[in-house]
Amino acid sequence: MQTVHTVAELRAQVAVWRRAGERIAFVPTMGNLHRGHIHLVEQARQRASRTVASIFVNPTQFGPNEDFAGYPRTLDADARQLVAAGLDLLFAPSVPGMYPRPLAAMTQVTVPELSGILCGASRPIHFSGVATVVSKLFNMAQPDIALFGEKDWQHLMVIRRLVADLDFPIDIIGVPTVRETDGLAMSSRNAYLSAEERAVAPILYATLAASAARLRGGERNYQRLADEAKTQ
Ligand code: PAF
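Below is a short write-up of the structure. (Residues numbered from 1 in each chain as written. Predicted model: local features only at pLDDT ≥ 70, side-chain atom pairs only at ≥ 80, totals over all residues. Heavy atoms only, no water.)

Quick notes on the sheet that holds strand β2 (residues 24-29)
Where we set the bar: At least two bridges found by DSSP between two strands are what make those strands a pair. Only DSSP runs of H or I covering at least 4 residues are called helices, and only runs of E covering at least 2 are called strands; the numbering of each starts at the N terminus. Here the axes come from fitting lines to C-alpha atoms, over the contacting stretch only for helices, and the angles between their N-to-C directions go from 0 to 180 degrees. Residue contacts are counted whenever heavy atoms from the two residues lie within 4.5 Å of one another.
Taking strand neighbours across the sheet as the criterion, the 6 strands line up as β1-β4-β3-β2-β5-β6 in an open arrangement whose pairing is parallel. Of all strands in the sheet, those with a lone pairing partner are β1 (2-4) and β6 (171-175), marking the two edges. Here the average twist between neighbouring strands, direction ignored, is 25°. Where β2 lies against strand β3 (residues 50-55), 6 bridges are found, and the strand directions are parallel. Along β3, the bridge assignment pairs A25 with T51. Where helix α8 (residues 153-165) meets the sheet, it contacts β5 (145-149) and β6, and its direction lies at approximately 170° from that of β6.

Here it is, written out as C-alpha cells:
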C-alpha cells in the first residue's frame, strides 16, 4: 500500500491507473477504523481493480461544541489495518492541504432539502461540511465508484443527492451496516459510551428492528407501535 499526503501525489497515481484502464473505488473515512470501514474496503476490492481510501478528520463538519479536537487520530494503526485489507492507496491530507484559505472564505457545497432535517436539525453545519469535503475528495480522487456505510442513512442520502445535482460521474454504493454481536452498529464514536450507555445502546436497534418487523407484518397502528417501543 502506498500512502500519499498531497493532492498532486494522489492525482499522479490515479492518472497512471486511469491510463491503464483500471476501475477505481474510493472509501472516504475520518480514520479510527473499525470492522465496518474494513468491510467497505473489502466490498470496494470486489467491485474495482484499484482501491483508494482517505483518512481526514474534516473540521468543517464539526460544530463549535463538537468533538473535532478530541476525535481519535490513529493513522499508524489505521494504515496497518488497510494494508492487511489489501488497499492500494491511502490519501491522508493535512487541514491546510484540504483548506488552504480560512474556512469561512472557502467555497461550500450545500444540499438544502436534506441538510436541515433529522440529525441536521441539531447539527446546522454538519451536512454542508460533509458535502463540501466529499465533493473535494471526489474531485481529487476521481473514482468510478465510492462506498459509504448505510449506518449514517441521512449522510448517504446527502451524498447521493450531491452526486446527482453536481453531475459527478461516480456510482455511490451503500453498504449494509456492520454490527457488534449484540446488534450495536459499529462506530468510532461507540468508544465515547459509558459502560451503562453501552449496555442499553443495543436496545435501540432491537426495538427499531422489532417495530420494522411489525410494520412489514401489516401493523398500521403507529401510535401502538410507538407506545410499545417506549416500554422496551
Ligand atoms: O462518514 C465519514 O466518515 C465522513 O463524514 C466522511 C464521508 C469521510 C467525510 O468527512
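Description of helix α2 (residues 35-47)
Selection rule: An expected span of 1.5 Å times one less than the residue number is assigned to each helix. Residue burial is assigned from relative accessible area. The probe radius is 1.4 Å, only protein chains are included, and a residue is buried under 20% of its type maximum, exposed over 50%, and partly exposed in between.
Compared with an ideal rise of 1.5 Å per residue, which puts 13 residues at 18 Å, α2 spans 19 Å between its outermost C-alpha atoms and is within 8% of the ideal. Those residues of α2 not exposed but buried are G36, H37, I38, L40, V41, Q43 and A44.

A short note on the site of the ligand
In plain terms, the rule: Here a residue is near a molecule or strand as soon as one of its heavy atoms is found within 4 Å of it. Two N or O atoms count as a polar contact when they lie within 3.5 Å, although within protein this holds only if one can serve as hydrogen donor and the other as acceptor, and sequence-adjacent residues are included solely when both atoms are side-chain atoms. Note that accessible areas follow from Shrake-Rupley with a 1.4 Å probe, and for residues the cover is restricted to the protein chains shown.
The environment of the ligand is made up of P28, T29, M30, N58, Q61, V130, V133, V134, F148 and H155. Take Q61: an N or O atom from its side chain is 2.6 Å from an oxygen atom of the ligand. Within the contact set of the ligand, an oxygen atom lies 2.7 Å away from a side-chain nitrogen or oxygen of H155. In isolation the ligand exposes 280 Å². Once the protein is present, 86% of that is buried. Mapped onto the shell around the ligand, the elements with two or more residues apiece are β2 and α7 (126-141). Among the elements that line the shell around the ligand, the one with the most residues is α7, at 3 residues.

Considering the side chain of S188
Relative to the elements of secondary structure, S188 occurs in the loop between β6 and α9 (195-216). Classification of S188 by relative accessible area gives buried; the value is 9%. Reaching out from S188, the side chain makes a polar contact with the backbone oxygen of N32 at a distance of 3.1 Å. In this structure S188 touches G31, N32, H34, H37 and Y71, once residues within four positions along its chain are discounted.

Brief notes about the environment of A44
With respect to the helices, strands and loops of the structure, A44 is situated in helix α2. Residue classification places A44 among the buried positions, given a relative accessible area of 0%. In this view, A44 contacts A25, V27, T51 and L147; residues no more than four positions away in its chain are not counted.

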